[in-house]
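Descriptive structure summary
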Number of protein chains: 2
Amino acid sequence: MSLITRPDDVRFDLLGIGNAIVDILAHSDEGFLEGHGLNKGTMTLIDVDKAEELYGDMGAAKEVSGGSVANTVAAAGALGARVAYIGKVRDDQLGTIFRHDIHAVGVHFETPPSTQGAATARCFVMVTRDAHRTMATHLGACVELGPEDIDTELVAQTWITYLEGYIWDPPRAKEALRVAIDAAHGAGRLVALTLSDPFCVERHRTEFRQLVEGSVDILFANEHEAMSLFEVDDVWEAVTRLQAIGRIAAVTRSDQGSVVVTPEGVFEVPAVHADQVLDTTGAGDLYAAGFLYGLTQGWDAERCALAGAAAAAEIISHIGARPEADLTEVVRLAIGEEVGT
Amino acid sequence: MSLITRPDDVRFDLLGIGNAIVDILAHSDEGFLEGHGLNKGTMTLIDVDKAEELYGDMGAAKEVSGGSVANTVAAAGALGARVAYIGKVRDDQLGTIFRHDIHAVGVHFETPPSTQGAATARCFVMVTRDAHRTMATHLGACVELGPEDIDTELVAQTWITYLEGYIWDPPRAKEALRVAIDAAHGAGRLVALTLSDPFCVERHRTEFRQLVEGSVDILFANEHEAMSLFEVDDVWEAVTRLQAIGRIAAVTRSDQGSVVVTPEGVFEVPAVHADQVLDTTGAGDLYAAGFLYGLTQGWDAERCALAGAAAAAEIISHIGARPEADLTEVVRLAIGEEVGT
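Bear in mind that the values here come from a model prediction, so they are computed numbers and not experimental data. (Residues numbered from 1 in each chain as written. Chains lettered and ligands numbered in written order. Predicted model: local features only at pLDDT ≥ 70, side-chain atom pairs only at ≥ 80, totals over all residues.)

Quick look at the interface of chain B and chain A now. Facing 19 residues of chain B, the contacting portion of chain A comprises 19 residues. If you tally residues by element for the side of chain B that touches chain A, the top one is helix α4 (residues 93-104) of chain B, at six residues. Residue classes in the side of chain B that touches chain A are distributed as ten nonpolar, four polar and five charged. Sheet analysis places strand β4 (residues 62-65) of chain A next to strand β4 (residues 62-65) of chain B, joined by three bridges and oriented antiparallel. The partner of Val64 of chain A across the bridge, within β4 of chain B, is Lys62 of chain B. (Contact = placed C-beta atoms within 7 Å. Helix = DSSP H or I, 4+ residues; strand = E, 2+ residues; numbered from the N terminus. Nonpolar A, V, L, I, M, F, W, Y, C, P; charged D, E, K, R; others polar. Pairing = 2+ DSSP bridges.)

So, in structure tokens, the structure goes:
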């Protein structure tokens, strides 16, 4: 039984709205993180001076397009979903890289770049030996995203508009998201949200609680974010609270798999084994991609979660949060049927 | 017995002079290469219009600092050699990435960036399923490298000045290299050269022959380049020709290992097994790094070649031409003794 049913009259399955970021990935150790006041496993916002200091100190890196929801839409696009994205880069080389990479997987992305002010956002991703990633983000041009960038017609033509929690950080983005949520619900469409990061939940808990209880149709969170949202210290207590709200939620639990909360019940789905775990950057983003793709295919909760788990297993097996393997094949193997058509 | 002995009065072991390039790596297939007139396994020079067309058509990519000799010095630096580099970037974001990555491994790099004209050079690296790489390079700011960029004092303070064949492509670089060769030999130092690419040998065969017969103390070439240099179709014929010249040459033969030609004789050394072969970009560059590092350690021909083979095996096991594993450990395992001090 389909978890939910896609209407026939949509142009896009998924529209992501998020911080458009290029990741700068390097190996690091715990001492480096401590020395720079970074909290292992989380995301810290940094200003341009701190960004230059950190970059000067960190090791040789590689650059890969990132941004949480951008990673999700890129992967959903690679799987075959019809996807679009709204986010702000500058008209610089990193902005060109971001635009190229998201276009290359077929994502509709037409947000005009800013032509002055801060450079395209960078996220310094420090991967420790245990494959955990610690992030420091300089939001750069992302702070320019405003209501004028929300193409409400595009929102109305899209089944699910997917927002990232991180985008509550830049000041004008909140207004933009309010416009997007109203446009989606006004057209009878769905709104999905990822809570992004436990510290992000701390920064915006009141607003996130109102959103989850009021506007959000599909919620993605890892167990720490879900517990932080409700200020509880047991994941099952958070699940109970989500159940009471009565919409769809997927709570990821690393190698313990995920829990899907639906009006019909709660489903526990195991993780998919990864042959090697090199970098957990983007695991949550890819889980959401697989899950949302599953929704477009009319799959039930368990298969959606399994598709998410398979996509997450691919991304953690290499450095960077954009897929390297053929994701359609990865998900096909997990689900046991054809994908990508 | 040491292959050659390093003098005590040098400040740097190795100075690389080459095209300073950022690689843009993506998976591709043979049809794409043919459709864009690219010759599989080789490097094609492209202008800015072709670069934009190619980038627009190619898949999602990742960016890693590259440049053949820059890869070599970065890896030699990671191994513990004292290394410097001369090459031209622009004062743009890709130039900043190049500078950061080479500084991060301890390479002395002070060539001033150009402040106008073409952007930092990009090499589009298309990796096919068989792990072969096909390259299209837009030289950009590299064409600005000239004799004024050669710090002859730095050359005189360096044991081995290492030149890439590719740098004969930009017009003013030849003059720069002549200055560098004269400065090195004038100070009683050594000159090393890599032939870079069979087509590069075709473009500059006369000059390369004169160099190899006159100015080059240590030559690196793969078997195709060595055969092209002497216009012979048997690698052993090329080896015989190199032997007659009477200096040091290392001829790499992919999984058939390498052949080291010295005044004392010819040594065949096997390849080092790679657990997986994902991308052969940089195999030759890393072979040279291990080999040159071996020279700084006073190793014999076989151990130099083995260190080169071990470094090459690391680089082909992942995407990109800068090492991801701890190279000192990789070489230590192959050689059986401590490395990196």
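Here we take up the relation of the copies chain B and chain A. The transform that puts chain B on chain A rotates by 180° and translates by 0.0 Å along the axis, for an RMSD of 0.0 Å. Taken together, the rotation and translation describe the operation of a two-fold axis. If distances are taken from each C-alpha of chain B to the rotation axis, the shortest is found for Glu63 of chain B, at 2.4 Å. A share of 100% of interface residues in chain B that are also interface residues in chain A marks the association as one of identical surfaces. (Least-squares fit on C-alpha atoms with pLDDT ≥ 70 in both.)

A sheet is described by the order of its strands in space; here ten strands give the open sequence β3(A)-β8(A)-β7(A)-β2(A)-β4(A)-β4(B)-β2(B)-β7(B)-β8(B)-β3(B), paired in mixed fashion. Looking at the sheet topology across the chains shown, the edges are occupied by β3 (43-45) of chain A together with β3 (43-45) of chain B. Across this sheet, the average inter-strand angle for adjacent strands is 25°, counted without regard to direction. Strand direction decides the pairing type here: strand β2 (residues 21-27) of chain A and β4 of chain A, joined by four bridges, are antiparallel. Considered in β4 of chain A, the bridge of Leu25 of chain A is made with Lys62 of chain A. Contacts from helix α4 (residues 93-104) of chain A reach β2, β4 and β7 (121-127) of chain A together with β4 of chain B within the one sheet, and its direction differs from that of β4 of chain A by about 55°. (Axes fitted to C-alpha atoms, helices over the stretch in contact; angles between N-to-C directions.)

The next point concerns the packing of helix α9 (residues 223-230) of chain A against helix α10 (residues 235-245) of chain A. All names here are of chain A. Relative to each other, α9 and α10 sit at 65°, their axes nearing to 9 Å. Looking at the two axes, α9 sits roughly perpendicular to α10. In this structure, the crossing between α9 and α10 has a hand that is left-handed. From α9, Glu223, Ala226, Met227, Leu229 and Phe230 reach across to α10, where they touch Val235, Ala238 and Arg241. Its residues assigned to classes, the contact of α9 with α10 comprises six nonpolar, no polar and two charged. (Parallel < 35°, antiparallel > 145°, perpendicular 65-115°, else oblique. Left-handed = near helix turned anticlockwise from the far one by under 90°.)

As a further point, take the confidence of the model for chain A. Chain-level pLDDT for chain A is 94 on average; 99% of the residues reach the 70-or-more range. This complex was scored by the predictor with a pTM of 0.93 and an ipTM of 0.90. (pLDDT = per-residue confidence, 0-100.)

It is worth spelling out the packing of helix α3 (residues 68-79) of chain B against helix α11 (residues 283-296) of chain B at this point. Residue and element names in this part refer to chain B. Relative to each other, α3 and α11 sit at 40°, their axes nearing to 8 Å. Between α3 and α11, the angle is such that the two are oblique. Viewed along their axes, α3 and α11 form a crossing whose handedness is right-handed. Where α3 abuts α11, its residues Ser68, Asn71, Thr72, Ala75, Ala76 and Leu79 lie against Asp285, Leu286, Ala288, Ala289, Leu292 and Tyr293. Grouping the constituent residues of the contact of α3 with α11 by class yields eight nonpolar, three polar and one charged.

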